[in-house]
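For reference, the chains in residue letters:
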Amino acid sequence: MDIFLQQLINGLTLGSVYAIVALGYTMVYGIIQLINFAHGEVVMVGAMVALSVISALTGAQIGLPPVVIVLAGIACAIPACMAIGYGMERIAYRPLRKAPRLAPLITAIGISIILQHVALLVFSRNPLSFPQIMPNPVFEIAGAHISAVQIAIIGGSVVVMAGLTFLVYRTRLGIAMRATSENVQVAGLMGVNIDRVISSTFVIGAALAAIAGVMIGTYYGIAHYTMGAMLGLKAFSAAVLGGIGNLAGAMLGGVLLGVVEAMGAGYIGEFTDLCQAPWIAGLMTERCADGGNFVLFGSNYQDVFAFLVLIAVLIFRPSGLLGERVSDRA
Amino acid sequence: MMRLFRGGKDSPVAARAAILLVGLALLVLPFALAQAGTAWVRITNLAILFALLALGLNIVVGFAGLLDLGYIAFYGVGAYCYALLASPHFGLHLPFWVILPIGAALACLFGVLLGAPTLKLRGDYLAIVTLGFGEIIRILLNNLAQPINITNGPQGITLIDPFRIAGFDFSKPERWFGLMVSGPIKYYYLLLVVLIVVMVVNVRLQDSRIGRAWVAIREDETAAQAMGINTRNVKLLAFAMGASFGGIAGGMFAAMQSFISPESFVLVESIMVLAMVVLGGMGNIWGVVLGAVLLSFVPELLRYTVEPMQKAIFGRTLVDPEVIRMLLFGLALVLMMLYRPAGLWPSRTRRRELAPAKR
């Protein structure tokens, strides 16, 4: 039981980060039907910037309280990512808005390679590690452990999601964004400044990515220039799982994917241990004797689950859990 | 061969002379390169190998317009198939003419397995799913060392047999007519022949009924369906054919390098092949080969120029040539899409589509 609860907590933590990244994918997709392939790299830049600022401030020994240092890291990462999000849209996507779908996807791949290697040049080839500046007390609930960082990540992501929901459903910009995602031309005729709405969508998505970057950086205690690709893919899978273009869907999909992944990693070894199956164990008595095992797939297959979920969703329910059935607008 | 040269109809004599000259140059090339170092012959071989890969991907991306971001997985399947069936790892040493078809068929099977459920998806979803598929294959290659050691994990497989035909060994240097012919040079000729065969196959495919169906699907899937094309099967065929070309190239890669590891089959490689197709001109066979050659040689040239230059100016290497190479790939993808979406050497159809209507 405690493994179950433990993996649930780990999954929820990871899932909240996925959810925030997935929001960035889903907002952009909802408005211009583009998979912003480089979004994962924005998360990476956020993590790298925040960690280097935090390391620098810690190393300077000015005597700032740790909370201020972390906040300063976030405060530097957000504008940096926003600038990247804006620049990316302006340079690589806006000129191609009317081009065939393949074109912006290919530029997005190009942008993500460029971002990765610029990050390699600016920061370092080696992983940046997160300095231990704050105590990270671990609490115990019913036999499972939850750390303060995990609580902060889950709590922070709830706040971020609430803020985004408010922005989209209660502000003028939010109304403009929803109008644009309904129909770009008509929204334009109604006086919505389309270019500005699309730019702000990218910028908001990038700000979310920065926050997610800080979260994942503190959670794993490490940031690396290649971390964005896999994270981005998983978050995209989460967005598709929830129904791409749907905000609540991205949140749900992110959390679900995190839990599926953690549970999968926790239990796959047990499920694929052939010694657990009596009729096979009988054939391999010498290997299975004395509690021996014959595990086909271990937890090192953790990364596979996101893709399996993605492929399964796309085959059985392409519109996702909460998505509406959309016609092919190619 | 004549069909490969479009200018052929206008002046046959000049065209024939040109073919003769190019052919002679290609025959002499490895010996000229060997003067600069065997490394350059190896680089040329890799360039041809990448041209083969790019031609395979071109069927999928260029002809049928399906963006495949996991293409390198098929290359990996072919390479591992060869490595497992012709190395001391399992103690199997089958001849290559047995393994290459197996590798191609296996890659083709994987292509169909991937394509069958996913090809009804819209293009951008397909791209992500193929990317995921590529990653799954890579993770499998890395982890299938336990509990039964199949792929030997990250260490890869070593001592893979070279190509051998009845005592003629492609990896051993030999003296022909007083000329020293090294292993890489032998492989060069083999690869060149394979490249020409694949190009001819591609040209014939392009003008065939299937090729026209692919282009029709790329241009407008709904219209193509209305014209009576079974879009699902035709798309599946593109996937399967692209995959089997990848499998063959993979087998040759394994034999040539005699060592493979999952390192060679990562996402970046998929993107590199895609960059070659895009740079050269999606859908144009000559353009794709040009793209492959350019993107294989420019980074090597950079390695030999940028590094000494940096050493001379700054006293040390500031920017790794590998990083410059990747930055160039990224820039090439972005700039090509922005300014020359049809590629450096666009196909005729693409040029016609993109040119403003004259009448």
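Residues numbered from 1 in each chain as written. Chains lettered and ligands numbered in written order. Predicted model: local features only at pLDDT ≥ 70, side-chain atom pairs only at ≥ 80, totals over all residues.

The next thing to look at is the overall build of chain A. The helix and strand tally for chain A stands at 13 helices and 4 strands. Relative to the compact-globule value of 20 Å for 330 residues, chain A shows a C-alpha radius of gyration of 22 Å, a close match. Across its three principal directions, the C-alpha atoms of chain A cover 75 × 55 × 35 Å. Burial analysis of chain A (330 residues in total) assigns 49% to the buried set. Taking as baseline every contact in chain A between residues at least 6 positions apart, the subset at least 24 positions apart corresponds to 78%. (Helix = DSSP H or I, 4+ residues; strand = E, 2+ residues; numbered from the N terminus. Rg over C-alpha atoms; globule rule 2.2 N^0.38 Å. Buried ≥ 20, exposed ≤ 12 C-beta atoms within 10 Å, placed from the backbone. Contact = placed C-beta atoms within 7 Å.)

A separate point is the interface of chain B and chain A. Taken residue by residue, the interface counts 34 residues in chain B and 37 residues in chain A. For the side of chain B that touches chain A, the secondary structure elements donating two or more residues are α4 (96-118), α5 (123-143), α10 (267-280) and α12 (321-339) of chain B. Residue contributions to the side of chain B that touches chain A peak at 12 residues, all from α5(B). Of the residues assigned to the side of chain B that touches chain A, the class counts are 25 nonpolar, 6 polar and 3 charged. (Nonpolar A, V, L, I, M, F, W, Y, C, P; charged D, E, K, R; others polar.)

Right, let's get into unusual backbone geometry. One non-glycine residue, Q33(A), lies in the positive phi region at around 50 degrees. Here Q33(A) lies in the loop between α1 (2-32) and α2 (39-60). The phi torsion at S258(B) lies on the positive side, around 60 degrees, for a residue other than glycine. Counting through the fold element by element, S258(B) comes out in the loop between α9 (231-257) and α10. Note on S258(B): 17 C-beta atoms within 10 Å, which makes it partly exposed.

Okay, the pairing of strand β3 (residues 144-147) of chain A next. In this structure, strand β2 (residues 138-141) of chain A lies alongside β3(A), joined through 4 bridges in antiparallel fashion. Directly across from V138(A), in β3(A), lies its bridge partner S147(A). (Pairing = 2+ DSSP bridges.)

Bringing the domain arrangement of chain B into the picture now. By a widely used convention, the size of an interface equals the accessible area lost when the partners come together. Residues and elements named next belong to chain B. On domain assignment, one finds that chain B holds domain 1 (1-36) and domain 2 (37-266). Computed from C-alpha coordinates alone, the two centres of domain 1 and domain 2 are separated by 27 Å. Listed by partner, the interface residues are 7 residues for domain 1 and 11 residues for domain 2. Partitioned by chemical class, the residues of the side of domain 1 that touches domain 2 number 6 nonpolar, no polar and 1 charged. (Domains from an automatic or database assignment.)

Moving on: the environment of F123(A). Residue and element names in this part refer to chain A. Tracing the chain through its elements places F123 in the loop between α4 (102-122) and β1 (128-129). In this structure F123 comes out as buried when scored by C-beta crowding, with 20 C-beta atoms within 10 Å. In this structure, the C-alpha to C-alpha distance between F123 and V45, residues 78 residues apart in sequence, is 9.6 Å.

Let's shift gears to the nonpolar core. Of all hydrophobic cores here, the largest spans 213 residues; its most connected members are C81(A), A54(B), V273(B), A275(B) and M276(B). For this core, the element with the most residues is helix α2 (residues 38-63) of chain B, which contributes 15 residues. Those residues in contact with A54(B) that lie beyond four places of it in its chain are V273(B), M276(B), V277(B), V288(B), G291(B) and A292(B). (Core = buried A, V, L, I, M, F, W, Y, C linked by C-beta atoms within 7 Å.)

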